[in-house]
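# Reading the structure
Listed below are the residues making up each chain.
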There are 2 protein chains.
Amino acid sequence: MKIGSQTFSFDNPPSIISGFSMVGPKEGKGPLGTYFDRILQDDEWGESSFEFAEIKIHKSAIQDLLDNLAMTPEQIDLFLGGDLLDQIISTNFTARSFPICFMGLFNACATFSEALTLASFLISSGNFNNIICSSSSHYASAERQFRFPLELGNQRTPLSQWTVTGAGAVLLASSGSNIKITAATIGKVIDLGIKDANNMGAVMAPAAAETLTAHFKDTGTKPSDYDLILTGDLGNFGSETLMMLMREAGYPLGHRYKDCGVLIYDKAQQVEMGGSGAGCSSTVFSSYLLKIMKNGLYKKVLFAPTGALMSKMSSLLGESIPAICHAVVIERV
Amino acid sequence: MKIGSQTFSFDNPPSIISGFSMVGPKEGKGPLGTYFDRILQDDEWGESSFEFAEIKIHKSAIQDLLDNLAMTPEQIDLFLGGDLLDQIISTNFTARSFPICFMGLFNACATFSEALTLASFLISSGNFNNIICSSSSHYASAERQFRFPLELGNQRTPLSQWTVTGAGAVLLASSGSNIKITAATIGKVIDLGIKDANNMGAVMAPAAAETLTAHFKDTGTKPSDYDLILTGDLGNFGSETLMMLMREAGYPLGHRYKDCGVLIYDKAQQVEMGGSGAGCSSTVFSSYLLKIMKNGLYKKVLFAPTGALMSKMSSLLGESIPAICHAVVIERV
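## What about the overall build of chain A?
The helix and strand tally for chain A stands at ten helices and 16 strands. Against the 2.2 N^0.38 benchmark of 20 Å for 333 residues, chain A shows a C-alpha radius of gyration of 18 Å, consistent with a compact globule. If one aligns the C-alpha atoms of chain A with their principal axes, the spans along those axes are about 50 × 50 × 35 Å. Restricting the contact set of chain A to residue pairs at least 6 apart, pairs at least 24 apart contribute 78%. Of the accessible surface of chain A, which amounts to about 10500 Å², a share of 51% is contributed by carbon and sulfur atoms. Averaging the coordinates of the 25 positive side-chain charges in chain A and doing the same for the 32 negative ones gives two points 5 Å apart.

In structure tokens, the structure reads:
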């Protein structure tokens with residue numbers, strides 16, 4: 001049911017049955033290490049390229065999710081996912097391994113909440129029972145695609161972020177869990193003219209502010225109505241920018257605001273402004289967030305990953321970077 | 001309502017209100033030239049790069065669609081679209097120009113039917129009234145991204161296809177037209193091990209066969225129940241392959257089968273196996289198909305675009321090419 005210009009509440013809120021996260025060694029050594037389901041010792045994982053490693057991680061996260069639930073691919077109605085690689089090959093080649101209906105998505109690092117939103121509509125409508133949502137990224141495949149290959153040894157800039165190596169996947173279903181997606185706010189594309197592909201926080205914070213403001217207006221809620229407001233990968237600079245923008249918008253986020261990109265690494269890990277990538281929000285969601293919600297620490301969470309919608313080509317052509325944010329409300333009911 | 005393993009019928013079938021297609025000069029000179037809504041004299045259209053030209057074409061198709069309907073972006077609930085460029089920048093930069101909620105999709109040349117399918121679920125569920133679906137491609141931006149820049153003067157291979165320069169967009173709504181999307185079959189990823197990125201027909205025909213076979217089985221229909229079965233861009237070789245596969249599957253398609261990639265160019269235009277690209281099916285759908293259905297020539301059409309899910313990187317890494325096909329049933333009711 002539409003409850004505002006961009007926000008919908010779900011008549012039959014889908015259940016989040018289970019999540020699975022698989023991350024690289026660096027993420028495993030970070031503050032959320034104990035929450036991740038599987039941590040690799042080596043981020044190449046025996047593959048001949050970083051892209052193949054990312055595909056293997058993505059595929060394994062979904063296989064392990066199914067195995068943990070003792071389910072077969074045939075029991076899944078739809079797979080919705082995406083990633084940052086050109087033509088989302090991590091997800092396409094993952095989908096190739098499973099006999100599941102597939103739809104590929106791309107909203108950069110907001111792809112995971114795009115998937116959760118679409119899956120919620122599809123399940124709430126009564127047409128689908130089980131949908132898997134996932135996204136992935138890999139530090140080395142992202143660096144060589146968007147910036148420079150690691151072999152070049154380029155210096156990192158102070159406002160840059162570290163692309164998370166990992167994949168997160170969840171199973172949504174029509175019933176079966178007391179953790180549900182109860183509402184979603186769909187974002188619009190925001191571009192304030194920033195061209196620095198090494199400052200994703202500055203690019204994406206305005207999109208998060210637009211969607212969060214729309215969400216609070218549409219629902220008549222305020223930040224203090226949520227136990228946690230969690231963005232995807234704004235990092236330290238982007239998080240501070242968002243907090244400033246939300247104070248100006250009349251919705252100060254306060255201490256209940258956190259960012260997956262800030263949570264996932266320790267400052268001592270030399271990641272500059274923190275984590276980023278389509279795998280950042282999905283791994284933190286599928287492990288940390290679901291586990292603490294199951295433990296009852298948080299009852300109502302606003303989860304709002306953001307995405308920077310540029311390509312290497314658009315940056316080379318001198319274009320500024322558009323961004324988007326989709327938010328979903330997760331409730332323990 | 002689910003009516004089979006991969007097929008759904010829509011309880012409240014969405015109406016196709018209107019379509020708009022904008023194509024390059026070569027497409028304008030082809031057999032469907034009189035059907036297209038706007039034909040460019042120059043496929044660079046005053047832009048400094050082919051990518052910017054593709055973005056301008058995509059944006060203009062949507063602006064003209066809105067103008068023809070005397071509608072504003074504020075009246076549109078959602079924009080679903082995609083294209084072939086890395087990180088779908090043609091669609092992202094188009095979405096940047098409109099204050100409309102946006103979700104980016106990628107299933108290569110099957111993106112347009114992916115959008116139609118998702119939009120149909122969203123409208124049928126009663127949550128959305130007006131959704132724009134679009135996709136685009138550009139011969140020169142696709143060649144330099146997936147194969148070689150045109151300036152290199154590479155010889156074209158006999159089984160290659162010509163990427164359509166153009167964008168097609170449609171407006172779907174909860175009511176308002178007697179042309180409706182009544183059912184959809186969602187595809188699975190099929191990969192028979194073909195590695196030739198210059199033979200898209202061979203790559204995609206098995207995916208079309210899988211989805212069409214599932215559709216006929218799920219619905220209990222046969223090819224002769226449709227006035228037209230229209231694939232997106234299999235080209236001559238892929239079309240013949242599909243007809244062979246469907247004969248073997250017990251569903252011979254016969255004379256009612258056509259392909260947008262075969263229809264859009266004349267053999268004298270030197271396009272080898274015919275047209276391809278995400279703009280091929282969307283321009284032919286938004287102009288030719290909608291116009292002949294409004295004229296009453298066809299009452300029930302099965303529209304089944306296919307997509308090849310590779311990237312330049314996956315081809316360089318020696319991978320075979322996965323493919324997918326989503327089909328929708330369009331009926332004049």
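Read on, since the account is not over.
## Let's talk about the relation of the copies chain A and chain B
What relates the two chain copies is a rotation about an axis together with a slide along it. By a simple turn and slide, chain A fits onto chain B: the slide is 0.0 Å along the axis, the RMSD is 0.0 Å, and the turn is 180 degrees. Put plainly, the chains are arranged around a two-fold axis. Here 100% of the contact residues of chain A are again contact residues in chain B; the copies associate through an equivalent surface.

## Observations regarding the interface of chain A and chain B
Listed as interface residues are 56 residues of chain A and, on the opposing side, 56 residues of chain B. Between chain A and chain B, a total of about 4700 Å² is buried, with carbon and sulfur atoms accounting for 67% of that surface. There are six salt bridges connecting chain A and chain B. Where chain A packs against chain B, one counts 24 residue pairs in polar contact (both at pLDDT 80 or more). Taken together, the elements giving at least two residues each to the side of chain A that touches chain B come down to helix H2 (50-68), helix H3 (89-95), strand E5 (102-104), helix H4 (111-124), helix H5 (139-146) and helix H10 (312-316) of chain A. Counting residues per element, the side of chain A that touches chain B draws most heavily on H4(A), at five residues. In the side of chain A that touches chain B, the residues fall into 30 nonpolar, 15 polar and eleven charged.

## Remarks on the side chain of Ser311(A)
With respect to the element layout, Ser311(A) can be found in the loop between strand E14 (306-308) and H10. If sequence neighbours within four positions are ignored, Ser311(A) has contacts with Phe146(A), Asp86(B), Gln87(B) and Ile89(B).

## Structural notes on the side chain of Ser21(B)
Positionally, Ser21(B) belongs in strand E2 (residues 15-23). Discounting chain neighbours no more than four positions away, the residues touching Ser21(B) are Phe36(B), Asp37(B), Arg38(B), Ala167(B), Gly168(B), Thr283(B), Ser286(B) and Ser287(B).

## A few points about the packing of H2(A) against H5(A)
Residue and element names in this part refer to chain A. The contact between H2 and H5 brings their axes to 8 Å, and the two run at 135 degrees. With respect to each other, H2 and H5 are oriented oblique. H5 is crossed by H2, and the crossing has left-handed handedness. Along its contact with H2, which presents Phe50, Glu51 and Glu54, the element H5 presents Ala140, Ser141 and Arg144.

## Some words on the packing of aromatic side chains
Tallied over the entire structure, the rule returns 24 aromatic pairs over all chains. Measuring from centroid to centroid gives 5.4 Å for Phe112(A) and Phe285(A), while their planes differ by 70 degrees, and the two rings are edge-to-face. Note that Phe112(A) is positioned in helix H4 and Phe285(A) in helix H9 (residues 278-294), a separation of 173 residues in sequence. Assessed through its relative accessible area of 0%, Phe112(A) is described here as buried. Judged by relative accessible area, Phe285(A) falls into the buried class, the value being 0%. Note on Phe128(A) and Phe8(B): the rings are 4.5 Å apart at their centroids and 25 degrees apart in plane angle, and the pair reads as stacked. With Phe128(A) in the loop between H4 and strand E6 (130-137) and Phe8(B) in strand E1 (residues 7-9), this residue pair bridges two chains. Like Phe128(A), the residue Phe8(B) is buried in the burial classification.

## Brief notes about the confidence of the model for chain A
Per-residue confidence for chain A gives a mean pLDDT of 97, with 100% of residues at or over 70. Two numbers describe this predicted complex: its pTM, 0.98, and its ipTM, 0.98.

## Brief notes about the nonpolar core
Side chains that are nonpolar tend, in soluble globular proteins, to be buried together. Formed by 122 residues in total, the largest nonpolar core has its most connected members in Leu212(A), Phe216(A), Leu242(A), Leu212(B), Phe216(B) and Leu242(B). Residues contacting Leu212(B), with those up to four places away along its chain left out, are Ile229(B), Leu242(B), Met246(B), Leu253(B), Leu302(B) and Ala304(B).

## Some remarks on the pairing of strand E16 (residues 327-332) of chain A
Residues and elements named next belong to chain A. Inspection of the sheet shows strand E9 (residues 179-185) paired to E16 by six bridges, in the antiparallel sense. Bridged to alanine 183 within E16 is valine 329. Sheet topology places strand E13 (residues 300-304) next to E16; four bridges connect them, and they run antiparallel. Across the sheet, residue phenylalanine 303 finds its bridge partner in E16, namely valine 328.

## Comments concerning the pairing of strand E8 (residues 166-173) of chain A
Residue and element names in this part refer to chain A. The buried count for E8 comes to eight of eight residues, which makes it a mostly enclosed element. The side-chain alternation of E8 yields two buried faces, one formed by Gly166, Gly168, Val170 and Leu172 and the other by Ala167, Ala169, Leu171 and Ala173. Pairing of strand E2 (residues 15-23) with E8, which is carried by eight bridges, proceeds in the antiparallel orientation. Counterpart to glycine 19 in the pairing with E8 is valine 170.

## Some words on the pattern of salt bridges
Counted according to the given criterion, the structure contains 20 salt bridges over all chains. Linking Asp37(B) and Lys291(B) is a salt bridge whose minimum nitrogen-to-oxygen distance equals 3.2 Å. In this pair, Asp37(B) is assigned in the loop between helix H1 (25-28) and strand E3 (38-39) and Lys291(B) in helix H9 (residues 278-294), connecting sequence segments 254 residues apart. Residue Asp37(B) is classed as partly exposed on the basis of its relative accessible area, which comes to 31%. The partly exposed category is assigned to Lys291(B), whose relative accessible area is 30%. Asp225(B) is the salt-bridge partner of Lys222(B), the closest N and O atoms lying 3.5 Å from each other. Assessed through its relative accessible area of 32%, Asp225(B) is described here as partly exposed. What emerges from the salt-bridge pattern is a single network uniting Arg96(A), Asp191(B) and Glu319(B).

## Points about unusual backbone geometry
Phi is positive for Trp45(A), close to 50 degrees, though the residue is something other than glycine. Here Trp45(A) lies in the loop between strand E3 (38-39) and H2.

Basis of the calculations
- Residues numbered from 1 in each chain as written.
- Chains lettered and ligands numbered in written order.
- Predicted model: local features only at pLDDT ≥ 70, side-chain atom pairs only at ≥ 80, totals over all residues.
- Heavy atoms only, no water.
- Helix = DSSP H or I, 4+ residues; strand = E, 2+ residues; numbered from the N terminus.
- Rg over C-alpha atoms; globule rule 2.2 N^0.38 Å.
- Contact = heavy atoms within 4.5 Å.
- Areas by Shrake-Rupley, 256 points an atom, 1.4 Å probe, with all protein chains shown as cover.
- Lys, Arg positive; Asp, Glu negative; His and termini not counted.
- Charge placed at Lys NZ, Arg CZ, Asp CG, Glu CD.
- Least-squares fit on C-alpha atoms with pLDDT ≥ 70 in both.
- Buried area = accessible area lost by both parts, 1.4 Å probe.
- Salt bridge = Lys/Arg side-chain N within 4 Å of Asp/Glu carboxyl O.
- Polar contact = N/O pair within 3.5 Å; in protein donor to acceptor, adjacent residues only side chain to side chain.
- Nonpolar A, V, L, I, M, F, W, Y, C, P; charged D, E, K, R; others polar.
- Axes fitted to C-alpha atoms, helices over the stretch in contact; angles between N-to-C directions.
- Parallel < 35°, antiparallel > 145°, perpendicular 65-115°, else oblique.
- Left-handed = near helix turned anticlockwise from the far one by under 90°.
- Phe/Tyr/Trp six-rings, centres within 6.5 Å; stacked < 30°, edge-to-face > 60°.
- Buried < 20%, exposed > 50% of the residue type's maximum accessible area, 1.4 Å probe, protein only.
- pLDDT = per-residue confidence, 0-100.
- Core = buried A, V, L, I, M, F, W, Y, C linked by side-chain atoms within 4.5 Å.
- Pairing = 2+ DSSP bridges.

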